[in-house]
Amino acid sequence: MGLFKKDTVLDEDQVLEVLREIRDPGWDEDIVTRGLVKDLKLAEGNVSLAIEFDTPLFPGKLQIQHQAEDKVRQLPGVTRVSVSMRSNISTRAGSEPHALIPRTRNTIAVASGKGGVGKSTVSANLAISLGKYGARVGLMDADVYGPSVPILMGAFEPPIMDRGRIQPPEVRGIKLMSMGYFLPKDEAVIWRGPMLHKMVQQFLGDVDWGELDYLVIDLPPGTGDIQLSLCQTIPLTGAVIVSTPQGLALEVASKAIAMFKKLNTPILGIAENMSYYACSHCGERDDIFGHGGARRASQKAGYPFLGEIPLSTTIRARSDDGQPVALEDGNSPISRAFTELAEAVASQVSKVNAQTTPAISIEE
Ligand code: ADP
């Protein structure tokens, strides 16, 4: 590789060999095989390199930096080591930018079989958790029947028009769009398919999303026109299915899965919300709806299990206040649960992107 110096005992292969001992969490591969090691330079015992992840720099990644530094430092002849960490979020291999959202790298639909399982709560906290660790994120509320993103994110100022494009409101750098901004309060949406299709197109094409690594899309519950419209309009990177642990919820979740399969949308995995109750007084855990149902169901169906979020008064109260828990610094167990969920989703996105077959969107 050209940088090998004859008068030193050290060469690049030796460095790469020790780096091969480090695994990319979320993948069963080491960081060298995954092609994450970049800009490796050797000069007189000075070694510098970058580790470039294709997911945001979640907290666990800092451990990788230390591991890499320690391992390289122990090689004979090394006097100085510098490992920089960076992230360059991947997009689908071989795919062309979509005309409606040409600067969006990934679209993640968050879906559920039925309402009330916490799909919007998960969408908002997922978006925040991805953004908190460096990703550029948008959150599109496609739940026209119960748009909750403005309330959840505490962002009530309607979008403004600028040079013919809708400027999305932003909360902590997350760009938001919701039908809630355009509907008179307390008015019900009774649109049919074509209107919904138009809304989906406008929310994608007329909104100035800018550069996005992830556009998180909060879908209405069930398997209706919006889901169809979305899958026909843009090739989704994948869908996250949210379910509570009860058998019934899982049964309807499997209908959502079947729909995405039919539409050729990859299933990123299943997340279990209201997984268990952690008592805020005594700390005791109570598996109100049974526990582990979604994990078992995802294993049975062969989809990744993305994590479990507890049933917690804090989650409910912070959502109502427009201050989703994921906005916290990340040390509380609940905030950590959302970070882990975001890590799992991001890993699945990068796995889907690494597959070479382009995403297919079904034409009408
Ligand atoms: P959906 O989008 O599936 O209809 P929401 O996200 O709107 O569901 O959640 C429904 C209600 O349940 C909201 O009041 C929300 O605050 C609450 N909720 C969601 N997830 C949790 C949780 N893990 N713990 C406590 N309350 C929750």
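Reading the values: the criteria
- Residues numbered from 1 in each chain as written.
- Predicted model: local features only at pLDDT ≥ 70, side-chain atom pairs only at ≥ 80, totals over all residues.
- Heavy atoms only, no water.
- pLDDT = per-residue confidence, 0-100.
- Contact = heavy atoms within 4.5 Å.
- Pairing = 2+ DSSP bridges.
- Helix = DSSP H or I, 4+ residues; strand = E, 2+ residues; numbered from the N terminus.
- Axes fitted to C-alpha atoms, helices over the stretch in contact; angles between N-to-C directions.
- Near = heavy atom within 4 Å.
- Polar contact = N/O pair within 3.5 Å; in protein donor to acceptor, adjacent residues only side chain to side chain.
- Areas by Shrake-Rupley, 256 points an atom, 1.4 Å probe, with all protein chains shown as cover.
- Nonpolar A, V, L, I, M, F, W, Y, C, P; charged D, E, K, R; others polar.

K.L.:
Now, about the confidence of the model for the chain: what can you tell me, with residues and values included?
P.N.:
Summarising the model, the chain shows a mean pLDDT of 89, and 94% of its residues fall at 70 or more. The low-confidence segment residues 1–7 (pLDDT under 50) makes 9 contacts with residues lying over four places distant or belonging to another chain. Low confidence marks residues 358–364, where pLDDT is under 50. Its contacts with residues over four positions away, or in another chain, come to 15 contacts.

K.L.:
Quick one: what's the story with the sheet that holds strand β2 (residues 46–53), residue by residue and with numbers?
P.N.:
Here we have 3 strands laid out as an open sheet, ordered β1-β2-β3, and mixed in their pairing. The sheet is open, and its two edges are formed by β1 (37–43) and β3 (80–87), each paired on a single side. On average, adjacent strands in this sheet sit at an angle of 10° to one another, irrespective of strand direction. Note: β2 against β3, 8 bridges, orientation parallel. Residue N46 lies in a different strand from β3, and its bridge partner there is R80. Lying on the sheet, helix α1 (residues 12–19) is in contact with β1 and β2; it crosses β1 at an angle near 135°. Packed on one face of the sheet, helix α2 (residues 60–73) meets β2 and β3 and runs near 155° to β3.

K.L.:
Lay out the side chain of Q65 with the relevant residues and their values.
P.N.:
Among the secondary structure elements, Q65 is positioned in helix α2. Excluding its chain neighbours within four sequence positions, the residues that come into contact with Q65 are V83, S84 and M85.

K.L.:
Describe the site of the ligand, with residues and values.
P.N.:
For the ligand, the set of nearby residues contains 15 residues, the closest of which are G116, K119, S120, T121 and P310. In this structure, V117 approaches the ligand through a main-chain N or O atom, which is 3.1 Å from an oxygen atom. In the complex, the protein chains occlude 80% of the 560 Å² of accessible area that the ligand would expose alone. Within the residue set of the shell around the ligand, elements represented by two or more residues are α3 (119–132), β12 (267–278), β14 (305–311) and α9 (313–320). Here the residues of the shell around the ligand are counted per class, giving 5 nonpolar, 8 polar and 2 charged.

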